[in-house]
Amino acid sequence: MAAAKPKVSFKITLASEKTQPFKVITVPEEAPFLACLKFAAEEFKVQAGTSAVITNDGVGINPNQSAGEIFLKHGSDLKLIPRDRVGGITA
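Residues numbered from 1 in each chain as written. Predicted model: local features only at pLDDT ≥ 70, side-chain atom pairs only at ≥ 80, totals over all residues. Heavy atoms only, no water.

Draft legend 1. Quick look at helix α2 (residues 67–74). Among all positions of α2, only A67, G68 and I70 are buried. Around the axis of α2, the buried residues are gathered within 165 degrees of arc, so they sit on the same side. In α2, the exposed positions that point more than 90 degrees away from the buried face belong to L72 and K73. Where α2 is buried, its residues meet β1 (7–14), β2 (22–28), α1 (33–44) and β4 (77–82). Directly beyond the C-terminal end of α2, a positive phi value near 85 degrees is found at G75. (Buried < 20%, exposed > 50% of the residue type's maximum accessible area, 1.4 Å probe, protein only. Helix = DSSP H or I, 4+ residues; strand = E, 2+ residues; numbered from the N terminus. Arc of directions from axis to C-beta. Contact = heavy atoms within 4.5 Å.)

Okay, here's the thing in structure tokens:
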């Protein structure tokens with residue numbers, strides 16, 4: 001019987017919306033975080049290729065790491081920002 005693989009959970013908030021909707025995803029520690037980013041973007045119906053993930057302190061996260069590394073370095077509370085909203089001027 002194989003042992004259960006350790007998992008991590010992330011609360012990913014869509015920062016571009018005023019209501020700040022969020023999704024909680026649980027993935028294996030060794031899962032590529034880029035896959036987590038793509039999944040979260042699809043769930044929020046935004047483009048993954050033009051989105052960024054940041055911490056609550058505004059620190060950008062390189063998605064080319066494992067989910068376990070991201071969890072250890074930055075914790076579980078993250079924000080997804082569609083890049084078309086970054087630095088934009090609102091009227």
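Draft legend 2. Quick look at the pattern of salt bridges. Counting across every chain of the model gives one salt bridge. A salt bridge links K5 to E30; the shortest N-O distance between them is 3.8 Å. One end of the pair, K5, is in the segment before β1; the other, E30, is in the loop between β2 and α1, and 25 residues separate them in sequence. (Salt bridge = Lys/Arg side-chain N within 4 Å of Asp/Glu carboxyl O.)

Draft legend 3. How the structure looks around the side chain of S51. Within the secondary structure, S51 is located in strand β3 (residues 51–55). Side-chain polar atoms of S51 contact the backbone oxygen of Q47, separated by 2.5 Å. Residue contacts for S51: discarding those within four places in its chain leaves L37, V46, L80, I81, P82 and R83. (Polar contact = N/O pair within 3.5 Å; in protein donor to acceptor, adjacent residues only side chain to side chain.)

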